[in-house]
Amino acid sequence: QAQFVESGGGLVQAGGSLRLSCTASDSSVSISKINTIAWYRQVPGKRRELIAHIISGGTTNVADSVKGRFTIGRDSVKNTVYLQMDSLKPEDTAVYYCNIPFARSWGQGTQVTVSL
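Rules and cut-offs
Residues numbered from 1 in each chain as written. Predicted model: local features only at pLDDT ≥ 70, side-chain atom pairs only at ≥ 80, totals over all residues. Heavy atoms only, no water. Pairing = 2+ DSSP bridges. Helix = DSSP H or I, 4+ residues; strand = E, 2+ residues; numbered from the N terminus. Axes fitted to C-alpha atoms, helices over the stretch in contact; angles between N-to-C directions. Phe/Tyr/Trp six-rings, centres within 6.5 Å; stacked < 30°, edge-to-face > 60°. Buried < 20%, exposed > 50% of the residue type's maximum accessible area, 1.4 Å probe, protein only. Salt bridge = Lys/Arg side-chain N within 4 Å of Asp/Glu carboxyl O.

A. Quick peek at the sheet that holds strand β10 (residues 110-115). Spatial strand order, β2-β10-β9-β4-β5-β6: six strands in an open sheet with mixed pairing. Each edge of the open sheet is held by one strand with a lone partner, namely β2 (10-13) and β6 (60-62). In this sheet, adjacent strand axes meet at a mean angle of 20° when their direction is disregarded. For β2 and β10, the ladder comprises four bridges, and the chain directions are parallel. By the bridge assignment for β10, Gln13 is matched with Ser115.

Quick look at the structure:
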């Protein structure tokens, strides 16, 4: 059973933006209370790549491949963790997932496709 649900993906032209959202499958879970939430992406035939994570207290980190373009954050009001993606490039095309470290299950992710 997936613990989180991803949404917000879609088709966008290079240079465009998307905002992905991560919600807990259990609506009673306060996502802001979770120590670490991470965003990953995966391209067919390649290993899943850690893109960004956020920990309690608000500290964030993003991978070098997306640094300066992607931002991870918490929206306490909406009870979500988001991934704001700006200046998208075709190489950002992937299925994006959110999860916690050492999770046993993964959701379906959300497809991001960046066209030329």
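B. View of the packing of aromatic side chains. Scanning the model with the defined rule gives two aromatic pairs in all. Relative to Trp106, the ring of Tyr40 lies with its centre 5.0 Å away and its plane at 75°, an arrangement referred to as edge-to-face. Linking Tyr40 in strand β4 (residues 36-42) with Trp106 in the loop between β9 (94-99) and β10, this pair joins segments that are 66 residues apart in sequence. Judged by its relative accessible area of 14%, Tyr40 is buried. Judged by relative accessible area, Trp106 falls into the partly exposed class, the value being 28%.

C. Representation of the pattern of salt bridges in the model. One pass over the structure, following the stated rule, counts three salt bridges. The partner of Arg41 in a salt bridge is Asp92, and the shortest N-O contact between them spans 2.9 Å. In this pair, Arg41 sits in strand β4 while Asp92 sits in the loop between β8 (80-85) and β9, placing the two residues 51 residues apart along the sequence. The pair formed by Arg41 and Asp92 is uniform in burial state, with each residue classed as buried. In this structure, Arg69 engages Asp92 in a salt bridge whose closest nitrogen and oxygen atoms are separated by 2.7 Å. Highlighted residues: Arg69 in the loop between β6 and β7 (70-75) and Asp92 in the loop between β8 and β9, separated in sequence by 23 residues.

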